[in-house]
Amino acid sequence: MLARKSIIPEEYVLARIAAENLRKPRIRDRPRKARFIAKNGACNLAHKNIREQGRFLQDIFTTLVDLKWRHTLVIFTMSFLCSWLLFAMMWWLVAFAHGDMDPSTENPANSTKWTPCVTCVRSFTSAFLFSIEVQVTIGFGGRMMTEECPLAITVLILQNIVGLIINAVMLGCIFMKTAQAHRRAETLIFSRQAVIAVRNGKLCFMFRVGDLRKSMIISASVRIQVVRKTTTPEGEVIPIHQVDIPVDNPIESNNIFLVAPLIICHVIDKRSPLYDISASDLALQDLELIVILEGVVETTGITTQARTSYVAEEILWGHRFVPIVTEEEGVYAVDYSKFGNTVKVAAPRCSARELDEKPSILIQTLQKSELSHQNSLRKRNSMRRNNSIRRSNSMRRTNSSLMVPKVQFITPEGSQSASET
């Protein structure tokens, strides 16, 4: 604003801003590590320098199923076109060898003496149309087989077998691509962030999982793995070291009943890789927690798997998920708009190991939280009282301003009479 009003020259303002930016210390962020599993469950892994490419052709059906839709459709379209063209060429050769292409056979005078292998096949175009009619069983009626040529009958049988094989492979691949297990996993959702808070006197790693469909996942189970780069005592570097961590489940079998969104809890104890990590150390950790949900789809009976991962930046220390299941008119309602919402709660900032060694830390943290909660309640109550007092004072002032003053009238006799209006 000063530069626009020409009070301070613009050149001086720009020079001062540049000098201030130079004085500020430049903090470079730590390079972000690539995720092993993306948030949508896709594996962030690239296969390179595969020399034995022939193994994919040995399992051609799985290769076709794994291809993208555009590649699959192009392959099947070319398969049909090539088969039609190939057998059209064979039909044309059969007709040419038998003499059906001879113009003399088209003379009506000789029509009673000459029997072609396939009627009305006089060119490659008509042979191509007949090949399509045979393979897709259209049968318009203009072109048909005769018993004159055994070779033509053999070609007919061969083309029918090839057409059935192509149709079977095409239908099987389309069915498998549309009924793949990861399609059902699109309606299995995870919270964008995980939390670490105190539950039952223990630090716990928690996240929320839910199913958007009414059809359930049967025998659903949840597994958690920690992926991190480790170095063995012998000096061997393991870039992707996977460690299973237990999930706290009150049911003896590890299955969950996923009828409503659940909060999956992992108790950070001595078996946990998070046992020595505190709140200040969490941001510096180069780890990734992978969550895997497996189960059987109730409607199709196909086993499905949903995956996601949480890095250190996506873990909130001292937070808890808000409840989203309420009972309304005898029906349990789930509010998915609050699926990933969290609230801040009291939690010690130390690691689980320090908490086990000094249980008094948890008691002190809870006492401080209770005191702060009471202080906030007192401030809130005092503010409410002050607001009520202010409102009452303002209402008294308005009422006093609305009151009409007394007015005195003087009568002709000189006496004064006071009247109030």
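The written sequence of each chain sets the order in which its residues are numbered from 1. The predicted nature of this model means local features are confined to residues of pLDDT at least 70 and side-chain atom pairs, given and counted, to a pLDDT of 80 or more, with totals for whole chains, interfaces and linings taken over all residues. Calculated side-chain values reflect all of the structure's heavy atoms, with hydrogen atoms and water omitted.

- An unreviewed UniProt entry lists the protein under the name KCNJ8 protein, from Hylia prasina.
- UniProt positions are given in the numbering used here, feature names are shortened, and annotations may be inferred rather than shown by experiment. As stated in UniProt under Subcellular location (unreviewed entry), the record for the protein gives "Membrane".
- The UniProt entry for the protein carries the following comment under Catalytic activity (unreviewed entry): "K(+)(in) = K(+)(out)".

Section: the overall build of the protein
Part 1: Per the secondary structure count, the protein includes 10 helices and 16 strands.
Part 2: Throughout, a residue-residue contact means that at least one pair of heavy atoms, one from each residue, lies within 4.5 Å. Pairs at least 24 apart in sequence give 62% of the contacts found in the protein among residues at least 6 apart.
Part 3: Accessible area of the protein: about 28,800 Å², with a carbon and sulfur share of 58%. Here a helix means four or more residues in a row that DSSP labels H or I, a strand means two or more in a row labelled E, and each is numbered from the N terminus. Residue exposure ignores everything except the shown protein chains as possible cover, and the areas themselves are Shrake-Rupley values with a 1.4 Å probe.

Let's talk about the packing of helix α4 (residues 69-98) against helix α5 (residues 124-135)
Part 1: Axes, fitted as lines to C-alpha atoms, cover a helix only where it is in contact. Angles between the N-to-C directions of the axes lie from 0 to 180 degrees. For the pair α4 and α5, the least separation of the axes is 8 Å and the interaxial angle reads 120°. The orientation of α4 relative to α5 falls into the category oblique. In this structure, α4 crosses over α5, and the sense of that crossing is right-handed. Together, Phe 80, Ser 83, Trp 84, Leu 85, Phe 87, Ala 88, Met 89, Trp 91 and Trp 92 of α4 and Phe 124, Ala 127, Phe 128, Phe 130, Ser 131, Ile 132 and Gln 135 of α5 make up the contact between the two elements. The scheme is simple: roughly parallel for angles under 35 degrees, roughly antiparallel for over 145, roughly perpendicular for 65 to 115, oblique for anything else. The crossing is said to be left-handed when, going from far helix to near helix, the turn is anticlockwise and less than a right angle, and right-handed when the turn is clockwise.

Digging into the confidence of the model for the protein
Part 1: By definition, pLDDT measures how confident the predictor is in each residue, and it falls between 0 and 100. Model confidence for the protein is summarised by a mean pLDDT of 78, while 78% of its residues fall at 70 or above.
Part 2: Per-element mean pLDDT across the protein ranges from 46 in strand β16 (residues 416-419) up to 92 in strand β11 (residues 319-321).
Part 3: Counting contacts from residues 1-8, a segment whose pLDDT is below 50, to residues more than four positions away or on other chains yields six contacts.
Part 4: Taken as a whole, residues 22-29 scores under 50 in pLDDT and shows zero contacts with residues more than four places along the chain or in a different chain.

Considerations on unusual backbone geometry
Part 1: One non-glycine residue, Cys 120, lies in the positive phi region at around 60°.
Part 2: Secondary-structure assignment places Cys 120 in the loop between α4 and α5.
Part 3: Remark: exposure states derive from per-residue accessible area (1.4 Å probe, protein chains only) relative to the maximum for the residue type, with buried under 20%, exposed over 50%, and partly exposed in between. Judged by relative accessible area, which is 46%, Cys 120 ranks as partly exposed.

Observations regarding the pattern of salt bridges
Part 1: The term salt bridge refers to a pairing of a side-chain nitrogen on Lys or Arg with a carboxyl oxygen on Asp or Glu at a separation within 4 Å. Scanning the model with the defined rule gives eight salt bridges in all.
Part 2: The salt bridge involving Glu 314 is made with Lys 39; its shortest N-O contact spans 3.3 Å. Pair noted here: Glu 314 is in the loop between β9 (303-311) and β10 (315-317) and Lys 39 is in the loop between α1 (10-23) and α2 (54-58), with a separation of 275 residues, a long-range link.
Part 3: Asp 269 is paired through a salt bridge with Arg 271; the nearest N and O atoms lie 3.3 Å apart.
Part 4: Overlapping salt bridges, with partners in common, bring together Arg 35, Lys 39 and Glu 314 in one network.

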